[in-house]
Amino acid sequence: MRWVTDDAGRRWSAERVGRTSGLISTKKAKPSFPEPADIIRFECEADGAEPAREVQARAGLLEQLTESELRALLNVAPRAP
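Conventions and cut-offs
Think of each chain on its own: its residues are numbered from 1, step by step along the sequence as written. Per-residue local features of the predicted model are confined to residues with pLDDT of at least 70, and side-chain atom pairs are confined, for both listing and counting, to 80 or more; whole-chain, interface and lining totals are unaffected and use all residues. Computation of side-chain values: all heavy atoms of the structure, hydrogens and water removed. Numbering of helices and strands runs from the N terminus, with a helix taken as a DSSP run of H or I at least four residues long and a strand as a DSSP run of E at least two residues long. Relative accessibility thresholds used throughout: buried, under 20% of the residue-type maximum; exposed, over 50%; partly exposed, between the two (1.4 Å probe, protein chains only). Any two residues having at least one pair of non-hydrogen atoms within 4.5 Å are treated as being in contact. In this description, strands pair whenever DSSP reports at least two bridges between them.

Caption draft 1: Looking closely at the overall build of the chain. Along its length, the chain carries one helix and four strands. If you list the helices and strands of the chain from N to C, you get β-β-β-β-α. In the chain, which comprises 81 residues, the share counted as buried stands at 28%. A separation of at least 24 residues holds for 50% of the contacts in the chain among residues at least 6 apart in sequence.

What follows is the structure, given as structure tokens:
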């Protein structure tokens with residue numbers, strides 16, 4: 001789990017909650033199948049009334065994302081169902 005602060009100063013947790021089942025092409029040619037992606041859920045620690053948000057990001061370790069990359073994902077993430 002990682003933490004990120006939004007533009008309003010609220011603290012959000014960021015956690016990988018799943019991965020899509022994209023297919024990986026074994027050929028070096030132009031890929032025709034989607035690659036797997038991580039599903040990242042953001043939850044606001046400061047405001048419990050703020051709904052959770054989820055977004056897909058490139059598959060990999062959440063720890064590899066910079067704080068600005070996490071903030072950018074948070075800004076585009078729609079509310080979770």
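Caption draft 2: Representation of the pairing of strand β2 (residues 11–19) within the structure. Where strand β1 (residues 2–5) meets β2, four bridges bridge the pair, whose relative direction is antiparallel. Along β2, the bridge assignment pairs R2 with A14. Taking the residues between adjacent antiparallel strands as the criterion, β1 and β2 are bridged by five residues, where G9 takes a positive phi near 90°. Relative to strand β3 (residues 37–44), β2 runs antiparallel, the two sharing seven bridges. Bridge pairing in β3 places R19 opposite D38.

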